[in-house]
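# Overview (structure and organization)
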Amino acid sequence: MSHAAHDHDHPAHLQHHFETPAQQFDSGKLGIWLFLATEILMFGGLFVAYAVYRANHPEIFLYAHRFLDSTLGGINTVVLLCSSLTMAWAVRCAQLGKQKALKVLLALTILGGFGFMGIKYVEYRHKWHEGLMWGTKYAPSEHAKEAAFGHHETKAAEKPAPAPALPPVAPMTPLAKDVVFEQSKVAPAPQGPTGTVSKEARGDAEHATHTAREAKNVQVFFGIYFLMTGLHGIHVVVGIGLISWILKKAAAGAYGPQYFTPVDFVGLYWHLVDLIWIFLFPLLYLIH
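All of the points below concern the structure found in this document. Given the structure is predicted, the values throughout are model-derived calculations rather than measurements. (Residues numbered from 1 in each chain as written. Predicted model: local features only at pLDDT ≥ 70, side-chain atom pairs only at ≥ 80, totals over all residues. Heavy atoms only, no water.)

This brings us to the overall build of the protein chain. Helix and strand counts for the protein chain come out as ten helices and zero strands. Counting helices and strands in the order they occur from the N terminus, the protein chain gives α-α-α-α-α-α-α-α-α-α. Considering the protein chain as a whole, with its 288 residues, one finds that 36% of them fall into the buried category. (Helix = DSSP H or I, 4+ residues; strand = E, 2+ residues; numbered from the N terminus. Buried < 20%, exposed > 50% of the residue type's maximum accessible area, 1.4 Å probe, protein only.)

Turning our eyes to something else, we now look at the environment of I40. Among the secondary structure elements, I40 is positioned in helix 2 (residues 21–56). Spatially, the C-alpha atom of I40 lies 8.6 Å from that of I276, the residues being 236 residues apart in sequence.

Our focus in this paragraph is the packing of helix 9 (residues 218–251) against helix 10 (residues 261–285). What describes two packed helices is the angle between their axes and the distance between those same axes. Where helix 9 meets helix 10, the closest approach of the two axes is 10 Å, and the angle between their N-to-C directions is 160 degrees. Relative to helix 10, helix 9 is oriented roughly antiparallel. Pair helix 9 / helix 10 crosses with left-handed handedness. (Axes fitted to C-alpha atoms, helices over the stretch in contact; angles between N-to-C directions. Parallel < 35°, antiparallel > 145°, perpendicular 65-115°, else oblique. Left-handed = near helix turned anticlockwise from the far one by under 90°.)

Here we take up the environment of H232. When you line up the elements, H232 lands in helix 9. Judged by relative accessible area, H232 falls into the buried class, the value being 1%. Each C-alpha atom of the pair H232 and L280 lies 9.1 Å from the other, and the pair is 48 residues apart in sequence. Once you skip the residues sitting within four places of it in the chain, H232 turns out to touch F43, L80, F116, V273, I276, W277 and L280. (Contact = heavy atoms within 4.5 Å.)

Evaluated as defined, the whole model comprises two salt bridges. Of the charged contacts in the structure, one is a salt bridge between K29 and D264, with a shortest N-O distance of 2.8 Å. In this pair, K29 is assigned in helix 2 and D264 in helix 10, connecting sequence segments 235 residues apart. The class of K29 is partly exposed, set by a relative accessible area of 24%. For K120, the salt bridge is made with E123, and the minimal N-O distance between the two is 3.2 Å. Of this pair, K120 and E123 both sit in helix 5 (residues 99–129), three residues apart, which is roughly one turn of the helix. Each member of the pair, K120 as well as E123, carries the same accessibility label: buried. (Salt bridge = Lys/Arg side-chain N within 4 Å of Asp/Glu carboxyl O.)

A word on the nonpolar core. Judged by nonpolar contacts, the single largest core of 62 residues is most densely connected at F67, L102, L106, F221, F222, V263 and L284. Sorting the residues of this core by element identifies helix 2, helix 3 (58–64), helix 4 (70–96), helix 5, helix 6 (142–149), helix 9 and helix 10 as the ones contributing at least two each. The greatest single-element share of this core, amounting to 14 residues, is contributed by helix 10. Not counting chain neighbours up to four residues away, the residues in contact with F221 comprise I60, F61, A64, H65, L68, L284 and I287. (Core = buried A, V, L, I, M, F, W, Y, C linked by side-chain atoms within 4.5 Å.)

Residues L81, L275, I278 and F279 make up a contiguous nonpolar surface patch of roughly 360 Å² in combined accessible area. Per-element tally for the nonpolar patch: the top contributor is helix 10, with three residues. Here F279 is to be found in helix 10. (Patch = residues over 30% accessible without salt bridge, like charges linked within 9 Å, V, L, I, M, F, W, Y side chains within 5 Å. Areas by Shrake-Rupley, 256 points an atom, 1.4 Å probe, with all protein chains shown as cover.)

Let us now look at helix 5. Over its 31 residues, helix 5 runs 45 Å from end to end, which matches the ideal 45 Å to within 8%, given 1.5 Å per residue. For helix 5, the elements touching its buried residues are helix 4, helix 9 and helix 10. Where helix 5 ends, the next residue or the one after it, G131, has phi of about 75 degrees, a positive value. (Expected span 1.5 Å × (residues − 1).)

What follows concerns the packing of aromatic side chains. One pass over the structure, following the stated rule, counts 21 aromatic pairs. Relative to Y269, the ring of F35 lies with its centre 6.3 Å away and its plane at 25 degrees, an arrangement referred to as stacked. Remark: Y269 occurs in helix 10 and F35 occurs in helix 2; sequence separation between them is 234 residues. Overall, the relative accessible area of 38% leaves F35 in the partly exposed class. The structure contains a cluster of three or more aromatic residues connected by ring pairs, namely Y50, Y53, F61, Y63, F67, Y138, F221 and F222. (Phe/Tyr/Trp six-rings, centres within 6.5 Å; stacked < 30°, edge-to-face > 60°.)

Take a look at the structure:
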């Protein structure tokens with residue numbers, strides 16, 4: 001076959017280095033899965049760091065998570081799940097050639113992404129004003145503490161509990177002179193392993209679950225919170241940009257049963273972004 005005949009038979013959406021649309025689609029599929037694997041490795045490393053730090057300092061997470069708004073986090077979870085549904089639906093519409101439904105569903109997905117980022121902005125703004133930041137910027141206001149733990153618990157935590165009254169001590173009876181104390185020959189039981197969490201940390205964790213007693217190094221929690229949610233937010237913004245590009249091409253009629261590869265691949269990316277949030281929400285907001 002001559003080059004002229006080959007170019008004539010080549011579909012417009014088929015790149016010159018592929019022989020068939022199926023070959024192009026399979027190659028692209030392999031590429032997008034490799035890219036998503038690198039994303040999973042990156043976030044997987046952050047999740048491992050989270051698990052190690054939380055296992056060693058559970059009191060920090062049990063205390064600090066009460067400053068987060070689980071209601072807003074829950075709403076954001078629903079928003080992302082709905083956007084994932086509209087994105088999957090959009091891919092199906094592209095495969096069936098339903099142009100109008102494709103554009104509507106892509107627009108709804110973009111709207112979901114903006115909704116997520118809008119709620120996230122409200123959360124970040126609140127943390128900024130209440131001093132719930134990372135590192136040396138961590139300086140929680142009294143209002144934030146009362147909102148997280150309640151007025152009475154906060155005041156009770158500020159005042160040390162009075163020492164319990166000791167029972168009266170009975171006068172000691174003098175021992176007889178012929179009483180001899182014998183040393184036990186049984187060796188004391190060995191002390192078992194304490195694991196990776198110290199007794200002090202376990203005690204602080206149990207206490208932090210129910211009271212407003214502040215744990216040490218709480219700023220580390222907010223460092224982890226802003227790092228993981230911020231990185232996820234960047235991925236949401238990138239996803240909004242990609243879906244907007246897909247919507248622009250869809251408005252020009254670029255996709256149909258013969259060619260829907262970009263819609264499918266961007267959909268996979270968006271589903272991964274949603275999946276990461278499904279893990280972030282309980283790990284940061286629903287700690288018990």
